[in-house]
Amino acid sequence: ASAEAVDLSWDSSKIHLQEGETIVMRDALAGLMIASGNDAANVLAEALSGSIEEFSRRMTVEAFALGAVNTSFMNPHGLHDENHYTTAYDLAIIASEAMKLDVFREIVSAESYSLPASNKHIYNGWSLIMNTNRLMHFDDSYLYSPYINEVKGIKTGTTSKAGFCLVSAAETHDNRELLCVLMGVPYDEIQGSTWIYTRTLLEEAARKI
């Protein structure tokens, strides 16, 4: 973890990696995908491409190759940049491709993850991170549905400019998988609207197939 990677504002979402910390790829991915750790995103970008800028360029090229042609990445975490943008359709394409990877699917469907010891954090479980997707935490009685069997992830995303965003995957009782992309729910909406809207969309899609 470089100084630049962990140099984030106090209100930025992070898993509190420290400069000089060594962390394995899987733990960094968990920190990013489960807890929305922007520091983990930066560390992954630098490890894979040498710099945040080069990784962002590679992400954009890869997205375009998948068919996500209305997407431009300027950073690996999604914090606001005028030239950083995407669409609901493009996110659905990217999510569908990512869910083909077993390790990705396993991480984003986890309710929690315990980070192991590192050279900067000497105790196993120094951080127990919880999935930011609230649909993963509802008890069985609340989540019961005649259509949806299980929520499988995937990722929240929120900034003051973008509003509340959520990409979700769910499995129906007949083993079909659905993806739902919700973007731009305003900050002044009733608390929990993002989850209610997503649940409603998934239920309606499952009911119709």
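Residue indices begin from 1 for each chain and proceed along its sequence in written order. Given that this is a predicted model, residues contribute local features only at a pLDDT of at least 70 and side-chain atom pairs are listed and counted only at 80 or more, while totals for whole chains, interfaces and linings are drawn from all residues. Water and hydrogen atoms play no part in the side-chain values, which are based on all heavy atoms of the structure.

A. Geometry of the packing of helix 2 (residues 38-49) against helix 3 (residues 52-66). Between helix 2 and helix 3, the shortest axis-to-axis distance is 8 Å and the interhelical angle comes to 85°. One element, helix 2, and the other, helix 3, form an angle in the roughly perpendicular class. Across the interface between the two elements, Asn42, Ala45, Glu46, Leu48 and Ser49 of helix 2 pack against Ile52, Glu54, Phe55 and Arg58 of helix 3. Looking at the contact of helix 2 with helix 3 residue by residue, the classes come out as 4 nonpolar, 2 polar and 3 charged. Each axis is a line fitted through C-alpha atoms, taken for helices only over the stretch in contact, and angles between the N-to-C directions span 0 to 180 degrees. For the purposes of this entry, the term helix denotes a DSSP run of H or I that reaches at least four residues, the term strand denotes a run of E that reaches at least two, and both are numbered from the N terminus. Angle categories: roughly parallel below 35 degrees, roughly antiparallel above 145, roughly perpendicular from 65 to 115, and oblique for all the rest. Working rule for contacts: check all heavy atoms of both residues, and any pair within 4.5 Å makes them a contact. Under the scheme applied here, ten amino acids are nonpolar (Ala, Val, Leu, Ile, Met, Phe, Trp, Tyr, Cys and Pro), four are charged (Asp, Glu, Lys and Arg), and all others, including Gly, are polar.

B. Just the pairing of strand 3 (residues 148-159), in detail. We call two strands paired when DSSP finds no fewer than two bridges between them. With 10 bridges joining them, strand 3 and strand 4 (residues 163-172) adopt antiparallel strand pairing. Paired with Lys155 across the two strands is Val167, which belongs to strand 4.

C. Inspection of the side chain of His121 at higher detail. Summarising the element assignment, His121 is placed in the loop between strand 1 (112-115) and strand 2 (127-130). When accessible area is computed with a 1.4 Å probe and restricted to protein chains, residues below 20% of their type maximum are described as buried, those above 50% as exposed, and intermediate ones as partly exposed. Residue classification places His121 among the buried residues on the basis of a relative accessible area of 13%. Within the local environment of His121, its side chain forms a polar contact with the side chain of Glu21, the two groups lying 2.9 Å apart. Leaving out residues up to four positions away in the same chain, His121 has contacts with His16, Gln18, Glu21 and Trp126. In protein, a polar contact means a hydrogen-donor-capable atom and an acceptor-capable atom, both N or O and within 3.5 Å, with residues adjacent in sequence counting only if both atoms are side-chain atoms; elsewhere, any N or O pair within 3.5 Å suffices.

D. Geometry of helix 2. Between the first and last residue of a helix there are one fewer steps than residues, each counted as 1.5 Å, and that sum is the expected span. Helix length check: helix 2 (12 residues) gives 16 Å between terminal C-alpha atoms against 16 Å at 1.5 Å per residue, within 8%. For helix 2, a buried count of 10 out of 12 residues is recorded, marking the element as mostly surrounded by other parts of the structure. When we look at burial in helix 2, the residues that qualify are Asn38, Asp39, Ala40, Ala41, Asn42, Val43, Leu44, Ala45, Glu46 and Ser49. Contacts from the buried residues of helix 2 go to helix 1 (25-33) and helix 3.

E. Main features of the side chain of Ser145. Secondary-structure assignment places Ser145 in the loop between helix 6 (140-143) and strand 3. At 3.0 Å, the side chain of Ser145 and the backbone nitrogen of Ile148 are in polar contact. What Ser145 contacts, discounting residues up to four positions off in sequence, is His173, Arg199 and Glu203.

F. Region of interest: the nonpolar core. Put simply, a nonpolar core is a bunch of buried Ala, Val, Leu, Ile, Met, Phe, Trp, Tyr and Cys residues held in one set by side-chain atoms that sit within 4.5 Å of each other. Membership of the largest hydrophobic core comes to 27 residues, with the highest contact counts inside it found for Ile15, Met33, Ile34, Phe104, Ile129 and Ile154. Elements represented by at least two residues in this core include exactly helix 1, helix 2, helix 4 (88-98), helix 5 (102-108), strand 1 and strand 4. If we skip the residues at most four places from it in the chain, Ile15 touches Gly31, Ala35, Gly37, Asp39, Ala40, Leu115, Trp126 and Ile129. Core analysis: the second largest hydrophobic core is formed by 7 residues, Ala45, Phe55, Ala63 and Phe73 among them.

G. Up close: the packing of helix 1 against helix 2. Running from N to C, helix 1 and helix 2 point in directions that differ by 140°, and their axes come no closer than 8 Å. Between helix 1 and helix 2, the angle is such that the two are oblique. Here the hand of the crossing between helix 1 and helix 2 comes out left-handed. Taking contact as the criterion, the partners of Met25, Ala28, Leu29, Gly31 and Leu32 in helix 1 are, on helix 2, Ala40, Ala41, Leu44 and Leu48. When its residues are assigned to classes, the contact of helix 1 with helix 2 shows 8 nonpolar, 1 polar and no charged. The hand of a helix crossing depends on one turn: near helix anticlockwise from the far one by less than a right angle means left-handed, and clockwise means right-handed.

Limitation: the analysis is restricted to geometry and does not speak to function.
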